[in-house]
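# Commentary on secondary and tertiary structure
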Amino acid sequence: MGKNKDRKKKGAVVQKTATKAKKKTEKELKKQIEQLGEDNIEQLITKHVGKDNKIEAVVIEDPVDIPPSRRANASLTEHPLKDELLLFGGEFFDGRTTLLFNDLYVYDIKKQHWKRVQTPQPPAPRASHQAVSVAMRDGELWMFGGEYTSPSQSQFYHYNDLYVLHLSTLRWEKQASATNGPSGRSGHRMTTAKRQLFLFGGFQDYITTFRYFNDLYSFCLDTFQWTQLKPMGQVPTPRSAAPIVTSQDGSTLFIIGGYSKENDDKGIAHTDVYTLIQDESSWQCRQVKVGGTKPDLRCGSSLQCYLNTCVLFGGVTDNDIDNNTADAFLKRKNTEVTRMRSAFYNDLHRFDLHKLKWYPIEIKSDKAASTETGPTARMNATMVIKQGILYVYGGLKELDEKKQYTLGDFYSLNLNKLDSWTCLYNDTQQGDVHIYSESSSDDDDDDMDKGDDDDDSSSSSSDDSEDGDIEIEAPDSIPNETHDDYYNRTREFWLGEARKELKISDANDDSVRVQHLAKQMSKLFFQS
């Protein structure tokens with residue numbers, strides 16, 4: 001009887017453990033940042049801006065054959081008036097430190113060389129932003145949003161700024177902030193049509209919370225004003241990485257697929273397609289039926305529009321995607337399977353905007369179709385199409401469950417011939433990978449736990465009164481067992497609970513924030 005009574009009492013306490021521990025892990029993250037000696041996110045950005053403010057004039061460096069440093073989630077955009085490509089920003093992660101870029105590179109297509117451009121007052125470093133180019137006013141590159149990640153990956157900042165790069169002078173100009181413009185975000189998508197920019201979706205991630213968007217905005221390139229569009233009809237659910245593209249005549253916008261998470265911690269790779277058409281009084285949105293041979297379910301792919309065709313490259317199918325046939329995907333061709341059951345792709349598909357059908361793209365040469373000649377399988381690559389030539393640069397690939405590699409190779413493919421990939425630069429440094437190490441994070445957890453008892457006693461009463469009920473059926477402790485022994489024995493369970501609370505769909509994510517929350521949840525349960 002006594003044991004059952006104690007079990008019920010412990011179960012009632014556990015109902016509040018998750019929310020209470022989430023608050024506590026935020027304090028732990030602050031401690032971690034202090035121990036690392038890392039400034040807060042605003043100070044880090046300000047330091048970068050301060051260095052850039054020292055640049056007083058545009059400096060175009062000597063051309064080189066080697067492309068920019070390895071990176072992912074950058075923007076690669078065609079110059080609207082010249083045979084050039086424009087690369088900006090991106091990120092690199094070596095396993096311990098994240099580097100964000102705000103450098104600008106110009107690629108000369110005919111001469112096949114890169115030029116780095118230093119220009120006064122550039123945008124702050126960022127990744128997962130969006131950029132589009134227009135031929136107006138001697139050529140302009142418009143860029144919105146993106147995110148800044150601190151070196152320790154403990155802090156995130158989402159930009160809501162809009163910049164224009166005047167291509168005639170290679171000088172950036174920041175547009176005035178608008179209260180009716182999009183909120184800060186990354187993972188959104190943009191396109192241009194009829195002297196307007198169109199922006200859809202995106203997300204915000206602040207470690208313990210996240211939010212996806214399905215709002216739609218237009219920006220007039222004549223009046224320089226944002227307008228939030230509220231289409232009638234059936235609109236897409238909130239999502240990021242959902243390409244918004246324009247038909248060749250500019251009459252129709254298409255929103256294709258995307259990615260999102262839900263409360264059940266499942267990642268969803270969307271395959272639906274929507275059309276947006278403007279009538280006399282409003283925008284009309286509807287979901288359309290899609291046929292043909294659809295690509296395997298995936299996220300992290302790259303998509304660009306050419307005439308009335310969208311071209312899709314690469315991506316990844318993870319075991320967290322809510323799909324009953326994921327195992328079958330791992331047996332498909334043109335994939336590379338890691339031990340964490342992630343299938344990376346290097347295949348090509350096209351979507352016909354007239355017929356609303358998907359078609360696989362086959363390279364005519366069997367030799368060229370091999371992964372040894374074309375780009376290796378990857379996600380988050382930058383891609384652009386210029387005069388019928390597809391260009392792919394960088395991205396991420398995983399060599400196994402503990403090793404990730406940021407790519408820096410550069411390829412092109414003639415979409416009219418589809419005869420073979422051309423390697424413009426081969427990444428020869430693929431032995432330089434990072435290895436995730438759990439030991440340092442575990443040691444940090446132990447150090448931080450030593451000073452937690454006082455905080456627990458002083459804040460428990462107020463936390464209990466504010467927390468909501470979240471039930472957890474946790475493993476019981478064993479008599480005379482210490483918390484360290486209990487946590488080591490039940491570690492995988494608490495890591496899983498922490499991922500649920502943080503809404504992290506990667507079942508292999510053992511990052512510092514996950515470990516902090518897992519240990520705090522187990523400690524609160526153990527002491528209850």
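A brief structural summary. Remember, predicted model here, so these are calculated numbers, not experimental data.

Moving on, we come to the sheet that holds strand S14 (residues 189-193). The 4 strands are arranged S14-S15-S16-S17 in an open sheet whose pairing can be described as antiparallel. Each edge of the open sheet is held by one strand with a lone partner, namely S14 and strand S17 (226-229). Within this sheet the neighbouring strands show an average axis-to-axis angle of 25 degrees, counted without direction. Relative to strand S15 (residues 196-205), S14 runs antiparallel, the two being bridged by 5 bridges. Across the sheet, Thr 192 pairs through a bridge with Leu 197, a residue of S15.

Glancing now at the pairing of strand S24 (residues 302-306). Sheet analysis places S24 next to strand S25 (residues 309-317), joined by 5 bridges and oriented antiparallel. Opposite Ser 302, over in S25, you have Phe 313 as the bridge partner. With antiparallel pairing between neighbouring strands as the criterion, S24 and S25 make up a hairpin whose turn holds 2 residues, including Leu 307 at a positive phi of roughly 55 degrees.

Moving on, we come to the packing of aromatic side chains. In this description, an aromatic ring pair is defined by two values, namely the gap between the centres and the angle between the planes. Using the criterion set out here, one finds 23 aromatic pairs in the structure. Pairing Trp 114 with Phe 410 gives two aromatic rings, centres 5.3 Å apart and planes at 55 degrees, and the pair type is tilted. Taken as a pair, Trp 114 in strand S7 (residues 113-118) and Phe 410 in strand S31 (residues 403-414) lie far apart in primary sequence, 296 residues in all. By the burial criterion, Trp 114 is buried, and Phe 410 matches it. Between the aromatic rings of Tyr 217 and Trp 226, the centroid separation amounts to 6.1 Å while the plane-to-plane angle is 85 degrees, which identifies the pairing as edge-to-face. The buried category is assigned to Tyr 217, whose relative accessible area is 6%. An aromatic cluster of at least three residues, connected via ring pairs, comprises Tyr 105, Tyr 107, Trp 114, Tyr 391, Tyr 393 and Phe 410.

Position of His 188 relative to the elements: it lies in the loop between strand S13 (171-174) and S14. Setting aside its immediate chain neighbours within four residues, His 188 contacts Ser 128, His 129, Gln 130, Phe 144, Gly 145, Gly 146, Leu 199, Phe 200, Gly 201 and Gly 202.

With that out of the way, let us pick up the nonpolar core. Among the nonpolar cores identified, the biggest contains 15 residues, and Val 311, Leu 348, Leu 390, Val 392, Leu 413, Leu 415 and Trp 421 are the most heavily contacted of them. For this core, the elements supplying multiple residues, two or more each, are S25, strand S29 (382-386), strand S30 (389-400) and S31. Apart from residues no more than four positions distant in its own chain, Leu 348 is found in contact with Val 311, Leu 312, Phe 313, Pro 360, Ile 361, Ile 363, Leu 390, Leu 413 and Trp 421. Met 136, Phe 144, Leu 162 and Leu 197 belong to the second largest nonpolar core, which has 14 residues in total.

This paragraph deals with unusual backbone geometry. Of note, the phi angle at Ser 128 is positive, near 60 degrees, even though the residue is not glycine. Here Ser 128 shows up in the loop between S7 and strand S8 (130-134). Ser 128 gets classed as buried once you look at its relative accessible area, which sits at 17%. With a phi angle near 55 degrees, Leu 307 is a residue other than glycine that sits in the positive phi range. Looking at where Leu 307 falls in the secondary structure, it is placed in the loop between S24 and S25.

Among the secondary structure elements, Val 134 is positioned in strand S8. Sequence-wise, Val 134 and Ala 193 are 59 residues apart; in three dimensions their C-alpha atoms are separated by 9.4 Å. Not counting the four nearest positions on each side in its chain, Val 134 is found in contact with Pro 80, Gly 139, Glu 140, Trp 142, Thr 192 and Leu 221.

This paragraph deals with the environment of Asn 346. Looking at the secondary structure, you find Asn 346 in strand S27 (residues 343-352). Residues Asn 346 and Phe 313 lie 33 residues apart in sequence; the distance between their C-alpha atoms is 6.3 Å. Within polar-contact distance, the side chain of Asn 346 engages the backbone oxygen of Pro 375 at 3.0 Å.

Neighbouring strands of a sheet are bound in pairs by backbone hydrogen bonds; such pairs are parallel or else antiparallel. Spatial ordering of the open sheet is given by S18-S22-S21-S20-S19, a layout of 5 strands whose pairing is mixed. Edge positions in the sheet fall to strand S18 (232-233) and strand S19 (244-246), since each of these pairs with one other strand and no more. As defined by bridge partners, strand S21 (residues 267-278) adjoins strand S22 (residues 283-288) across 6 bridges and the pair is classed as antiparallel. Of the residues in S22, the one forming a bridge with Val 273 is Val 288.

Moving on: helix H3 (residues 41-52). Between the first and last C-alpha of H3 there are 17 Å, a value that for 12 residues agrees with the 16 Å anticipated at 1.5 Å per step. Of all the residues in H3, the buried ones are Ile 41, Leu 44, Ile 45 and Asp 52. Angular distribution of buried residues about the axis of H3 spans 95 degrees; they occupy a single face of the element. Each element contacted by the buried residues of H3 is listed here: strand S10 (147-149) and strand S11 (156-158).

Attention shifts here to the environment of Ala 241. Checked against the element boundaries, Ala 241 lands in the loop between S18 and S19. Residues contacting Ala 241, with those up to four places away along its chain left out, are Gly 187, Arg 189 and Gly 258.

Turning next to the side chain of Ser 75. Tracing the backbone shows Ser 75 in strand S2 (residues 75-78). We classify Ser 75 as buried; its relative accessible area is 8%. Ignoring sequence-local partners within four residues, the contact set of Ser 75 consists of Leu 86, Leu 87, Phe 88, His 129, Ala 131 and Thr 382.

A rise of 1.5 Å per residue sets the reference length of helix H7 (residues 483-502), with its 20 residues, at 28 Å; its end C-alpha atoms lie only 23 Å apart and thus fall more than 12% short of the reference. Of all the bends in H7, the largest measures some 75 degrees and sits at Thr 490. What H7 keeps buried is the set His 483, Tyr 486, Tyr 487, Thr 490, Arg 491, Trp 494, Leu 495, Glu 497, Ala 498, Arg 499, Glu 501 and Leu 502. Downstream of H7 by a residue or two, Lys 503 has a phi angle that is positive, lying close to 55 degrees.

Calculation rules
Residues numbered from 1 in each chain as written. Predicted model: local features only at pLDDT ≥ 70, side-chain atom pairs only at ≥ 80, totals over all residues. Heavy atoms only, no water. Pairing = 2+ DSSP bridges. Helix = DSSP H or I, 4+ residues; strand = E, 2+ residues; numbered from the N terminus. Axes fitted to C-alpha atoms, helices over the stretch in contact; angles between N-to-C directions. Phe/Tyr/Trp six-rings, centres within 6.5 Å; stacked < 30°, edge-to-face > 60°. Buried < 20%, exposed > 50% of the residue type's maximum accessible area, 1.4 Å probe, protein only. Contact = heavy atoms within 4.5 Å. Core = buried A, V, L, I, M, F, W, Y, C linked by side-chain atoms within 4.5 Å. Polar contact = N/O pair within 3.5 Å; in protein donor to acceptor, adjacent residues only side chain to side chain. Expected span 1.5 Å × (residues − 1). Arc of directions from axis to C-beta. Bend = angle between axes of the 7 residues up to and from the residue.

Function cannot be inferred from these measures alone, as they are strictly geometric.
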